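Coordinate analysis (summary)
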Amino acid sequence: MTKPSFKLSDLLGQTPAPIQTNLLGCKEHEIGMITGFAAGKTRGLCAMALYHAVKYPGAKIMLGRKTYAETVNTVKNPFFGMADPLYSAGWFARPQKWDYREGTNLARLINGSEITFSNLDDPVKFRNEEYSLVLVDQAEEIDEELWETLTGRIRWAKVPQEGWQAVAAANDNGHNWVWR
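The text that follows walks through the structure, step by step, so that each part is easy to find.

Conventions used here
Residues numbered from 1 in each chain as written. Predicted model: local features only at pLDDT ≥ 70, side-chain atom pairs only at ≥ 80, totals over all residues. Heavy atoms only, no water. Helix = DSSP H or I, 4+ residues; strand = E, 2+ residues; numbered from the N terminus. Rg over C-alpha atoms; globule rule 2.2 N^0.38 Å. Buried < 20%, exposed > 50% of the residue type's maximum accessible area, 1.4 Å probe, protein only. Contact = heavy atoms within 4.5 Å. Areas by Shrake-Rupley, 256 points an atom, 1.4 Å probe, with all protein chains shown as cover. Lys, Arg positive; Asp, Glu negative; His and termini not counted. Charge placed at Lys NZ, Arg CZ, Asp CG, Glu CD. Phe/Tyr/Trp six-rings, centres within 6.5 Å; stacked < 30°, edge-to-face > 60°. Lys NZ or Arg CZ within 6 Å of the ring centre and 35° of its normal. Salt bridge = Lys/Arg side-chain N within 4 Å of Asp/Glu carboxyl O. Pairing = 2+ DSSP bridges. Axes fitted to C-alpha atoms, helices over the stretch in contact; angles between N-to-C directions. 1 Å grid on protein atoms, 1.4 Å probe; cavity = no way out; pocket = protein on both sides within 12 Å on 5 of 7 lines; lining within 4 Å. Points joined across faces, edges and corners; volume = space filled by probe spheres on them.

Our focus in this paragraph is the overall build of the chain. When its secondary structure is counted, the chain shows 5 helices and 7 strands. Written out in order from the N terminus, the α and β elements of the chain read α-α-β-α-β-α-β-β-β-β-α-β. The C-alpha atoms of the chain give a radius of gyration of 15 Å, which matches the 16 Å a tight globule of 180 residues would have. Counting every position in the chain, which comprises 180 residues, the buried fraction comes to 48%. Look at the contacts in the chain between residues 6 or more apart in sequence, and 68% of them connect residues 24 or more apart. For the chain, the accessible surface area stands at approximately 8700 Å², while carbon and sulfur atoms represent 49% of it. If the 20 positive side-chain charges of the chain are averaged to one point and the 21 negative ones to another, these points end up 6 Å apart.

Throughout the structure, instances matching the rule amount to 8 aromatic pairs. Ring geometry for Phe79 and Phe80: centres 5.9 Å apart, planes at 70 degrees, overall edge-to-face. The pair formed by Phe79 and Phe80 is uniform in burial state, with each residue classed as buried. Ring geometry for Phe79 and Phe92: centres 6.5 Å apart, planes at 90 degrees, overall edge-to-face. In this pair, Phe79 sits in helix H4 (residues 68–88) while Phe92 sits in strand E3 (residues 92–94), placing the two residues 13 residues apart along the sequence. A network of ring pairs unites the aromatic residues Phe79, Phe80, Tyr87, Phe92, Trp98 and Phe117 as a single cluster. The residue whose ring lies beneath Lys60 is Tyr131, and the NZ or CZ to ring-centre distance is 5.7 Å.

This next bit is on the pattern of salt bridges. Per the stated rule, a full pass over the model turns up 6 salt bridges. Measuring nitrogen to oxygen at the nearest pair gives 3.7 Å for the salt bridge that ties Glu70 to Arg65. Here the salt bridges do not stand alone but share partners, grouping Arg65, Glu70 and Glu141 into one network.

Here we take up unusual backbone geometry. Residues Arg94 and Pro95 are joined by a peptide bond in cis, for which omega reads 5 degrees. Mapping Pro95 onto the fold places it in the loop between E3 and strand E4 (106–109). Within the chain, Asn105 stands out as a residue other than glycine whose phi angle is a positive 55 degrees. For Asn105, the position within the fold is in the loop between E3 and E4. Even without glycine at this site, Gln138 takes up a positive phi of about 55 degrees. Tracing the backbone shows Gln138 in the loop between strand E6 (133–136) and helix H5 (144–152).

Let us look at the sheet that holds strand E5 (residues 114–119). On the basis of which strands lie adjacent, the open sheet formed by 7 strands has the order E1-E7-E6-E2-E5-E4-E3 and mixed pairing. Only two strands of the sheet have a single neighbouring strand rather than two, namely strand E1 (30–35) and E3. Here the strands of the sheet are splayed against their neighbours by 20 degrees on average, with no regard to which way each runs. Of the pairings in the sheet, the one linking E6 to strand E7 (residues 165–171) comprises 4 bridges and is parallel in character. Among the inter-strand pairings, Leu135 is bridged to a residue of E7, identified as Val167.

Right, let's get into the layout of surface pockets. Taken as a whole, the largest pocket holds about 210 Å³ of empty space. What lines the largest pocket is Phe37, Ala38, Ala39, Gly40, Lys41, Thr42, Arg43, Arg65, Thr74, Asp137, Gln138 and Asn171. Element by element, the count of residues in the lining of the largest pocket is highest for helix H3 (residues 41–55), at 3 residues. Volume-wise, the second largest pocket comes out at about 160 Å³.

Dropping the structure here:
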């Protein structure tokens, strides 16, 4: 099967924020994307999820924020908007009804990669999961123990170890665990 093509500009537009292109070029295992309000953090996370899903067939990605409502409205909604060109090009097998409000909270690409949208208010649900990429929006809203749990779950064998990553996106105000 020939995979449909797409360009980075399909995801981020013609003039992406530098923080977004810098994120896509990071090779480190654990990444902190710390910047001010409205600097493009969420769009960077969404682009990273899509890039990873296309680059590593069979990848398993978790993209989330602390509460379910925030995950749906401020993460899943922009993700579906950004991913629409890929959906239109035939990259997505699921969800069939391309609607961010669909309750499955799972997007599956034709190459077998899966992106799970999750709220981060119950650390127990992650104890038996494995991922190749974990992306947390507004990481300053969760506690450090949950971050450690999530990073400890990055070991999905279908992706080579050098592709395993965790990204914490946070605002640059306050002296919290992310700042330390």
